[in-house]
Amino acid sequence: MEPNSTSGLINELRGRSIFLIGMMGSGKTSTGPKIAEILKYKYVDLDALIEKLTQKTIDKIFSEEGEEYFRDLETKCLQEIIKLPALVVSTGGGVVLRKENWGVLRQGIVIWLDINKEVALNRLNKSNGDIRPLIKGKNIKRIYEEVFEIRKDIYSQADIRVEINNEDVKSVAEKIIKHLRQEIYN
Ligand code: S3P
């Protein structure tokens, strides 16, 4: 199948799931559905799934049960969804922290949305604290820099790194598909 056709790419993927990783504000949740649409995959947002299963916001889980409890839920959900084929999954920014999660992520294709810091900060300053207790009411820039410093080498272990600036969702999705194509055909 010729490298430019989407059906060719879908064939080559053979149902392997796509995991979007990256910092808070990198656009995983907004881009994921568009990529799923292009690949004719199903879409899962890991944070939304956790909120649905627990009937609590991420913020509430953190404040009532603590971060470790949330991380356990995150790992359990990841282990469940990998049983299904052909998913685009938007993960929470901290999913990369647990080594055991990589055993799951590696069963699919891991794409790092490497967002420009200023663009991410601009988004996070306007964002809803319910899913982001790590930055809620805090100095967002300082926390962002601290968190990124800890995670950047882990994110860089992704199969594909896509640099993101302030492009719209469609452009980011197209950019990701282009990188995916290069990874699959090269
Ligand atoms: C987190 C990111 C959040 C959410 C939780 C923890 C993190 O998801 O999972 O607040 O550790 O970076 P987003 O990356 O979608 O903001």
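Numbering of residues starts from 1 in every chain and runs along the sequence as written. Side-chain atom pairs in this predicted model are given and counted only at pLDDT of 80 or more, local residue features only at pLDDT of at least 70, and totals for whole chains, interfaces and linings cover all residues. Excluded from the side-chain calculations are hydrogens and water; all other atoms, namely the structure's heavy atoms, are used.

Turning next to the sheet that holds strand 4 (residues 109-115). Should DSSP find at least two bridges between two strands, the strands are regarded as paired. A run of H or I in DSSP counts as a helix once it spans at least four residues, and a run of E counts as a strand once it spans at least two, with each numbered from the N terminus. The strand order 2-3-1-4-5 describes an open sheet built from five strands, whose pairing is parallel. Of all the strands in the sheet, the pair left with one neighbour each is strand 2 (42-45) and strand 5 (160-164). Direction aside, the axes of adjacent strands within the sheet are offset by 20° on average. Here strand 4 pairs with strand 5 via five bridges, running parallel. Each bridged residue has a counterpart across the sheet, and for L113 the counterpart in strand 5 is V162. Contacts were defined at the residue level, with two residues in contact if any of their heavy atoms lie within 4.5 Å. Orientation is described by lines fitted to C-alpha atoms, with helices fitted over the stretch in contact, and by angles between N-to-C directions that extend from 0 to 180 degrees. The strands touched by helix 3 (residues 46-54) are strand 2 and strand 3 (87-90); relative to strand 2, the strand with the most contacts, the crossing angle is about 70°.

Moving on, we come to the pattern of salt bridges. The term salt bridge refers to a pairing of a side-chain nitrogen on Lys or Arg with a carboxyl oxygen on Asp or Glu at a separation within 4 Å. Under the criterion given, the structure shown has 20 salt bridges. E146 is the salt-bridge partner of R142, the closest N and O atoms lying 3.0 Å from each other. Remark: E146 and R142 occur in helix 8 (residues 140-155); sequence separation between them is four residues, near one turn of the helix. Working definition: with a 1.4 Å probe on protein chains only, accessible area under 20% of the residue-type maximum means buried, over 50% means exposed, and in between means partly exposed. Among the residues examined, R142 registers a relative accessible area of 44% and is labelled partly exposed.

Before going further, it helps to spend a moment on the site of the ligand. Here a residue is considered near a molecule or strand provided that any single heavy atom belonging to it is located within 4 Å of it. Not every one of the 14 residues close to the ligand is listed here, only the nearest: K28, R71, I131, R132 and R151. Side-chain atoms alone can form a polar contact between residues adjacent in sequence; in general such a contact is a pair of N or O atoms within 3.5 Å, and within protein one must be able to donate a hydrogen while the other accepts it. Note that an oxygen atom of the ligand is positioned 2.8 Å from one of the side-chain N or O atoms of R71. At 2.5 Å, a side-chain N or O of R132 approaches an oxygen atom of the ligand. Only the protein chains shown count as cover for residues, and the accessible areas themselves come from Shrake-Rupley with a 1.4 Å probe. Relative to its unbound accessible area of 380 Å², the ligand is 99% covered by the protein chains. If you map the ligand onto the pockets, it falls in the largest pocket. Classification used: nonpolar for Ala, Val, Leu, Ile, Met, Phe, Trp, Tyr, Cys and Pro, charged for Asp, Glu, Lys and Arg, polar for all others including Gly. Broken down by class, the residue content of the shell around the ligand amounts to six nonpolar, three polar and five charged. Detection works on a 1 Å grid of protein atoms alone, calling trapped sets that fit a 1.4 Å probe cavities and calling open sets with protein on both sides within 12 Å along at least five of seven lines pockets, with lining residues defined by an atom within 4 Å of a point. A molecule is counted as occupying a cavity or pocket when more than half of its atoms fall within 2 Å of that pocket's grid points.

Taken as a whole, the largest pocket spans an internal volume of roughly 460 Å³. Along the wall of the largest pocket there are 29 residues; nearest its centre are M24, K28, D47, I131 and R132. The class makeup of the residues in the lining of the largest pocket is 10 nonpolar, 11 polar and eight charged. Grid points are joined across faces, edges and corners, and a volume is the space filled by probe spheres set on the points.

This part takes up the packing of aromatic side chains. Aromatic contacts are taken between Phe, Tyr and Trp rings whose centres are within 6.5 Å, Trp giving its six-membered ring; a plane angle under 30 degrees counts as stacked, one over 60 as edge-to-face, and the others as tilted. Taken as a whole, this structure holds three aromatic pairs when the rule is applied. For the ring pair W112 and Y155, a centre distance of 5.9 Å and an interplane angle of 25° mean the geometry is stacked. Highlighted residues: W112 in strand 4 and Y155 in helix 8, separated in sequence by 43 residues. Among the residues examined, W112 registers a relative accessible area of 6% and is labelled buried. With 6.4 Å between their ring centres and 20° between their planes, Y144 and F148 make a pair best called stacked. Of this pair, Y144 and F148 both sit in helix 8, separated by four residues, roughly a single helical turn.

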